[in-house]
Amino acid sequence: MPRRKGRTGRRRTRNYLDYEPLATSSESEGHVDTKSLHTKLRRVSERPVSLEHEESFIVLLKWMKKNGFTLKNLRPAVFPGTGRGLLTKAHLRPGDDIISVPSKLLITTHTALNSYVGEAIKKYGFGSEEISPQLILCLFLAYEKRRGNKSFWYPYISSLPASFSTTAFFTDEERQCLPGFLKEKSDIQLNSIKVSYELALLIGAHIEAACKDFAGGLSWEQYLWAWGVVNTRSVYMEQRLHPLLTGVDHYALVPLLDMLNHSVSAKVKAVFSKSTDRYMMQTFDTYRPYDQVFICYGPHDNSKLLLEYGFVLPVNPHNAVTFKEDDFNIIKFQFPESAWKKKRAMMEENDVLCSLCCSADGPSWNLQCVFRILVRDWETRISCGQYLMTEPTEKEKFKMKRLCDMVLKEKLQRIQECLCSIKECEPSYHISMVSTLLEQLEEILIKRNLKRVTFDIG
């Protein structure tokens, strides 16, 4: 009797998406080429591992197909370095569509306001000056998750991560390890989430009173999870702002598409097509079969990526060291108080006290302008534009470089102090990301800009 190949008669294969034996017949008999074996082991460790056979994704894809979605080339997988993402099983060329999702499967403020969330807001008269599109989506997601398999969105919600790694999810100890400028932004963000949570509790009380399924109250952990989903996984989709809401409405959650990871070099076009009633994304890159497909979240440095999305890139050309006005205290004593006040007033007048940073290419224009204003004689000022655009003299350039070096070295010292303090923290994934970020900022200051700060007009 011929040997059967399993229940379906198909030959079983490994979950690796392209399998290569670790040893040849000669190697398996004891003649092992160690270098060759290490190379093959490395290749195996670098391969993506399919998620198609995981129950949550089987349920997700069946649900999406049932509601008008057609799965073409993309497949969910786990990739070394980036985690969960999407690969293509076919060649993709510039101009090819990546994915097309029907509007029925999008979660937008329209979805939430047409549910029990919208009913509670309309019935109890909450003012539009208080309710943002993001809050509405968080409320809807949090309560839909509590409904479990009674929810239409259950297959999608079940496929979402259980937690996130943005700074809002850091412990208090981990947050203390953030560099000053990032900790300030993180504190502001966390306080904003807490304020929106207080309003969510008020709206939630009315939702729970009208529906027994939601008895028990909305916990902070449930709301924070929903905020993490909306903040890290929503895509841009411009919509008309509902009269009940305030702010700008451009959030949409798109199942499966929200698994696409970020690359600084990815070129894509995303649009909601009214003619097809679908959210569509098109690539302008080339991919081979089993390559990971990427989108670009924007030209963000690693501090922005960590704050908003919960990851850092090992190499990021947009990285920059950010400066605040306090960073100039190290050189403030070199000027008479009256002169400093006049120069600071001119900085405000020219709006150069924002976007102060130093990247691998050198100081930003605004940072250069600050030093131009500091080294020039107040009495020689002609007009704002002429004052800043006139080429500095060699003597002025020397003074600018000296002041800049002092500020950069002070900043470097603070970053290195942060790196030292991190060593005392309990090791974690969050701490490792902060450490990577700080090391990259340190590298910018040490290896690049401290040695070649220039102040040319351009």
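Scroll up to find the structure this text is about.
Anyway, here's the lowdown on the structure attached to this text. (Residues numbered from 1 in each chain as written. Predicted model: local features only at pLDDT ≥ 70, side-chain atom pairs only at ≥ 80, totals over all residues. Heavy atoms only, no water.)

Description of unusual backbone geometry
Then step 1. Of note in the backbone geometry, Leu-256 takes a positive phi value of approximately 70° without being a glycine.
Then step 2. Within the secondary structure layout, Leu-256 lies in the loop between β6 (251-252) and β7 (261-262).
Then step 3. Despite not being glycine, Asp-277 has its phi angle at roughly 60°, a positive value.
Then step 4. Mapping Asp-277 onto the fold places it in the loop between β8 (268-273) and β9 (278-283). (Helix = DSSP H or I, 4+ residues; strand = E, 2+ residues; numbered from the N terminus.)

Examining the nonpolar core
Then step 1. Counting 75 residues, the largest nonpolar core has Ile-99, Leu-141, Ile-203 and Leu-256 as its most contacted members.
Then step 2. Per-element accounting of this core gives the leading share, nine residues, to helix α6 (residues 133-147).
Then step 3. Non-local contacts of Leu-256, meaning those with residues more than four positions away in its chain, are made with Leu-61, Met-64, Phe-69, Leu-71, Leu-86 and Ile-99.
Then step 4. Listed in part, the 45 residues of the second largest apolar core include Phe-328, Leu-356, Leu-374 and Val-434. (Core = buried A, V, L, I, M, F, W, Y, C linked by side-chain atoms within 4.5 Å. Buried < 20%, exposed > 50% of the residue type's maximum accessible area, 1.4 Å probe, protein only. Contact = heavy atoms within 4.5 Å.)

So, the side chain of His-430
Then step 1. Relative to the elements of secondary structure, His-430 occurs in helix α17 (residues 429-449).
Then step 2. A polar contact is formed between the side chain of His-430 and the side chain of Glu-174, at a distance of 2.9 Å.
Then step 3. Excluding residues within four positions of it along the chain, His-430 makes contact with Phe-164, Ser-165, Phe-169, Phe-170 and Glu-174. (Polar contact = N/O pair within 3.5 Å; in protein donor to acceptor, adjacent residues only side chain to side chain.)

Some thoughts on the pairing of β9
Then step 1. Burial along β9 is one-sided: Tyr-279, Met-281 and Thr-283 are buried, while Arg-278, Met-280 and Gln-282, pointing the other way, are not.
Then step 2. Here strand β4 (residues 97-102) runs beside β9; their pairing, made up of five bridges, is antiparallel. Across the sheet, Val-101 pairs through a bridge with Tyr-279, a residue of β9.
Then step 3. Both β8 and β9 contribute to a ladder of six bridges, which runs antiparallel. Residue pairing for β9: Phe-272 is matched across the bridge by Tyr-279. (Pairing = 2+ DSSP bridges.)

Notes on the packing of helix α5 (residues 116-124) against helix α9 (residues 180-210)
Then step 1. The N-to-C vectors of α5 and α9 enclose an angle of 105°; their axes lie 9 Å apart at closest approach. Relative to α9, the element α5 lies roughly perpendicular. Counting all contacts with α5, which are made through Tyr-116, Val-117, Ala-120, Ile-121 and Tyr-124, the residues of α9 involved are Ile-203, His-206 and Ile-207.
Then step 2. When its residues are assigned to classes, the contact of α5 with α9 shows seven nonpolar, one polar and no charged. (Axes fitted to C-alpha atoms, helices over the stretch in contact; angles between N-to-C directions. Parallel < 35°, antiparallel > 145°, perpendicular 65-115°, else oblique. Nonpolar A, V, L, I, M, F, W, Y, C, P; charged D, E, K, R; others polar.)

Some remarks on the sheet that holds β4
Then step 1. The strand order across the open sheet built from three strands is β4-β9-β8, with neighbouring strands paired in antiparallel fashion. Across the chains shown, the open sheet's two edge strands, defined by having one partner strand only, are β4 and β8. Shown here is a sheet whose adjacent strand axes are inclined to one another by a mean of 10°, direction ignored.

Taken by themselves, the reported measurements are silent on function.
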